[in-house]
Amino acid sequence: MKKDSLKVAVIGGGSSYTPELIEGFIQRYPALPVRDLYLVDIEAGREKLEIVGALAKRMVEKAGVPIRVHLTLDRREAIRGADFVTTQIRVGLLAARARDERIPLRYGCIGQETTGAGGFAKALRTIPVILDICRDMEELAPDAFLLNFTNPAGLVTEAVIKHANIRSIGLCNLPIGTRMQVAQMAGVHPSDVEMEWVGLNHLNWVTQLRVQGEDALDVILDKAAGTGALGVKNVPDFGLDHDFLRTLGALPCSYLRYYYMPDQMLNEAQEAAQTKGTRAEVVQALERELFALYKDPNLAVKPPQLAERGGAYYSLAAVHLMDSIYNNRKDIQTVNVRNGGVLSFLPDDVSIEVNCVIDAQGAHPVHVETPIPPQLRGLIQVVKAYEELTVEAAVKGDVGAAVQALTIHPLVTSAQAARSLVADIIAENRAYLPQFA
Ligand code: G6P
């Protein structure tokens, strides 16, 4: 029987994104009765947890919903008996992300939060911590769902699929963000937009697009050409040209610009690193501003400045997903799940990002109608092979797998560069990579 009150644990609760999530829980309270919300962080995040937690309590009180917000450093207490566990952690904090963005530049490679050697370094740090959380869940909340937002979300999801025994779904804000932007371009409500979404996290394409039931892919490709109109705050929006998009035959996500125009993106990254700073450094300044606002005892709503972060709408995605699981809605959402034959050119046990039916049992991928053309399939296969090797390297502390992973990555220039990158990443992340000790 359906419970009439829920316990949710948010691991990484001191994140500057938490007010988004709180807003989501408040708005959806009638459909999703979250009674106990545990915001968990580590000692190094205590101050942020207290600031964000106090704002969360003010938001809940102002909205008049009976959500009890608990702040704790005790992860096990938060997980015990939870119905949902969400993870939004950043192992090594933004300082580690800044290193991920800068180290690859030494070797003429792109360093990005989730893409290329930057995302690789983040995966090595993050996967062991997420698997530890899974161990706690296996013991203390075996029926709970893990909804993971932590990047690189596709790699983290795959590690959980292969190395844990819990129910889990990987989430990203790009699908919902794209839907919002397409709706705006077409002048319709987001619910009038249907998309067939294919690929991996941050390496995906919209292969079919209908607006109010009518095919609108070509119209949207034409509108998107050259403009960067469909983008995210954290990826430079050089537009792709019209002919390229038409022959590609699908709408690429913003992160594909790293693959389609690597020289331009690398130049931009190098210039930014010397002038305004990398994205992590820009975000560090933004975070200081956000936390100064969060401290204001008169603030009791999510401040608009939070929209400057790339993760806009992420709470909508998270809360929508919980609602559909809790209420067995059987609607379609785009999430990261086990392939299980949906993309027949990939192994069964890898993660993919596709449309899924969401019900009380979780996410079930739906059949992909469009035959995947070689220009999509080739890139998906090579990046997936890189991801499989990266998960292996992260779990086993296997330097050989790490070097092979980066060597085949399209954004790494050579085996020698891969070797140097792995050496630098391990040396400069020592505190967070015990598996390589
Ligand atoms: C995008 C991605 C997220 C990522 C975020 C970074 O929206 O989909 O996965 O975490 O941007 O934003 P930030 O403001 O931290 O650069």
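Residues numbered from 1 in each chain as written. Predicted model: local features only at pLDDT ≥ 70, side-chain atom pairs only at ≥ 80, totals over all residues. Heavy atoms only, no water.

Here the focus is the overall build of the protein chain. Secondary structure assignment for the protein chain yields 16 helices and 13 strands. Relative to its full complement of 437 residues, the protein chain shows a buried share of 58%. In the protein chain, of all internal contacts separated by at least 6 residues, the share reaching a separation of at least 24 is 71%. With the model as given, the accessible surface of the protein chain reaches about 17,300 Å², and the carbon-plus-sulfur share is 50%. Charge-centre separation for the protein chain: the mean point of 44 positive side chains lies 4 Å from the mean point of 52 negative side chains. (Helix = DSSP H or I, 4+ residues; strand = E, 2+ residues; numbered from the N terminus. Buried < 20%, exposed > 50% of the residue type's maximum accessible area, 1.4 Å probe, protein only. Contact = heavy atoms within 4.5 Å. Areas by Shrake-Rupley, 256 points an atom, 1.4 Å probe, with all protein chains shown as cover. Lys, Arg positive; Asp, Glu negative; His and termini not counted. Charge placed at Lys NZ, Arg CZ, Asp CG, Glu CD.)

For the rest of this paragraph, the subject is the pairing of strand β8 (residues 203-211). For β8, the buried fraction is high: 8 of the 9 residues fall into the buried class. Here 8 bridges tie strand β7 (residues 193-200) to β8, and the two strands are oriented antiparallel to one another. Residue pairing across strands places Val198 opposite Trp205, the latter belonging to β8. As consecutive antiparallel partners, β7 and β8 are separated by 2 residues, and within that stretch His202 has a phi angle of approximately 60°, a positive value. Strand direction decides the pairing type here: β8 and strand β10 (residues 251-252), joined by 2 bridges, are antiparallel. Its bridge partner lying in β10, Trp205 is registered against Pro252. Linking β8 back to strand β9 (residues 214-215) in an antiparallel pair, the connection comprises 2 residues, with Gln212 at a positive phi of about 50°. (Pairing = 2+ DSSP bridges.)

Among the 6 residues that make up strand β1 (residues 6-11), 6 are buried, leaving the element largely enclosed by the rest of the structure. Of the two faces of β1, the one carrying Leu6, Val8 and Val10 and the one carrying Lys7, Ala9 and Ile11 are both buried. Bridge count between β1 and strand β2 (residues 34-40): 6 bridges; the pairing is parallel. Residue pairing across strands places Ala9 opposite Tyr38, the latter belonging to β2. A crossover connection joins β1 to the parallel β2 through helix α1 (residues 18-27); in handedness this β-α-β unit is right-handed. The sheet contact formed by β1 and strand β4 (residues 84-87) spans 4 bridges and is parallel. When the sheet's bridge partners are listed, Val10 is paired in β4 with Thr86. (Right-handed = clockwise from strand over helix to strand, strands pointing away.)

Core analysis: the largest hydrophobic core is formed by 152 residues, its most contacted members being Phe25 and Leu209. Not counting residues up to four positions away in its chain, the partners in contact with Leu209 are Val182, Val193, Glu194, Met195, Glu214, Asp215, Ala216, Leu217, Ile220 and Leu251. (Core = buried A, V, L, I, M, F, W, Y, C linked by side-chain atoms within 4.5 Å.)

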